Amino acid sequence: MDLKKIKDTLTEFTKKKDYIQGVVLVNEDGELITKPPIGDWDETTTYIIAGIMGQLIQRICQQLNWNNTKEIYVETEDGYIMLLVCAPSIFLLVKASSNTNRGLLKGEIALILANLQTDINTISSTKDIEGGNGKGVGRW
């Protein structure tokens, strides 16, 4: 995995889309893969949000006997927080402002996910990723 290329891709994505306020890759334990978070996000808040969303996914999946979570998002009057699967055990966490619509946001994120998945899948397992479990599958 070329973290520099991934960070450059995420930085460019954030700069081109004024409604994207922050992005970061996280692993299944809520640890940041791309440090520091890119955009208008402090690291502590990002860790907390990643952890909360991870716990929410785990609880929902346990309660409903579901697996293979694809995405989860929170929409408020102030904006969006989205957690999306990039690859097994790797998730994209996005903070976006409310001055866009959900369709455009999801479309733009789908484009960046395709690029990230290509860059991420250049490794054979997640053991090379900080905090990865090496199994290639996520708990979320």
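Quick look at the structure, then. Note that the structure is a prediction, hence the values are computed from the model and not measured. (Residues numbered from 1 in each chain as written. Predicted model: local features only at pLDDT ≥ 70, side-chain atom pairs only at ≥ 80, totals over all residues. Heavy atoms only, no water.)

With that settled, consider the overall build of the protein chain. Summing up its helical and strand segments, the protein chain has 3 helices and 5 strands in all. Put simply, the protein chain runs from its N terminus to its C terminus through helices and strands in the order α-β-β-α-β-β-β-α. Counting the 140 residues in the protein chain, one finds 44% classified as buried. Sequence-distant contacts in the protein chain: of pairs separated by 6 or more residues, those separated by 24 or more amount to 57%. Summing over all exposed atoms, the protein chain offers an accessible surface of approximately 7700 Å²; the carbon and sulfur share of this is 49%. (Helix = DSSP H or I, 4+ residues; strand = E, 2+ residues; numbered from the N terminus. Buried < 20%, exposed > 50% of the residue type's maximum accessible area, 1.4 Å probe, protein only. Contact = heavy atoms within 4.5 Å. Areas by Shrake-Rupley, 256 points an atom, 1.4 Å probe, with all protein chains shown as cover.)

On to the pattern of salt bridges, then. Tallied over the entire structure, the rule returns 7 salt bridges. Here Asp-119 makes a salt bridge to Lys-5, at a shortest N to O gap of 3.5 Å. You can see Asp-119 sitting in helix H3 (residues 102-120) and its partner Lys-5 sitting in helix H1 (residues 3-16), a full 114 residues away along the chain. Exposure remark for Asp-119: the relative accessible area of 10% places this residue in the buried category. Its relative accessible area of 45% is what places Lys-5 among the partly exposed residues. (Salt bridge = Lys/Arg side-chain N within 4 Å of Asp/Glu carboxyl O.)

On to helix H2 (residues 43-64), then. Because each turn of an α-helix spans 3.6 residues, side chains separated by three or four positions end up pointing in the same direction. Compared with the 32 Å implied by 1.5 Å per residue over 22 residues, the 32 Å span of H2 between its first and last C-alpha is a close match. Between the side-chain oxygen of the N-cap and the backbone nitrogen of Thr-44 there are 3.2 Å, and the N-cap of H2 in question is Asp-42. Positive phi shows up at Asn-65, right after H2, with a value of about 55 degrees. (Expected span 1.5 Å × (residues − 1). Polar contact = N/O pair within 3.5 Å; in protein donor to acceptor, adjacent residues only side chain to side chain.)

Neighbouring strands of a sheet are bound in pairs by backbone hydrogen bonds; such pairs are parallel or else antiparallel. Across the sheet, which stays open at both edges, the 5 strands sit in the order E2-E1-E5-E4-E3 with antiparallel pairing between neighbours. The sheet terminates laterally at strand E2 (38-39) and strand E3 (71-75), the two strands that pair on one side only. Pairing geometry for strand E1 (residues 20-27) and E2, over 2 bridges, is antiparallel. Across the sheet, Gly-22 pairs through a bridge with Gly-39, a residue of E2. (Pairing = 2+ DSSP bridges.)

Turning our attention to unusual backbone geometry. Among all residues save glycine, negative phi is the norm, and among peptide bonds the norm is trans. Of the consecutive residues Lys-35 and Pro-36, the connecting peptide bond is found in the cis state with omega at -15 degrees. Tracing the backbone through its elements, the reader meets Pro-36 in the loop between E1 and E2. A positive phi angle, near 55 degrees, is found at Asn-65, a position not held by glycine. When you line up the elements, Asn-65 lands in the loop between H2 and E3. Its identity is not glycine, yet Ser-89 carries a phi of approximately 75 degrees, on the positive side. Judged by relative accessible area, which is 5%, Ser-89 ranks as buried.

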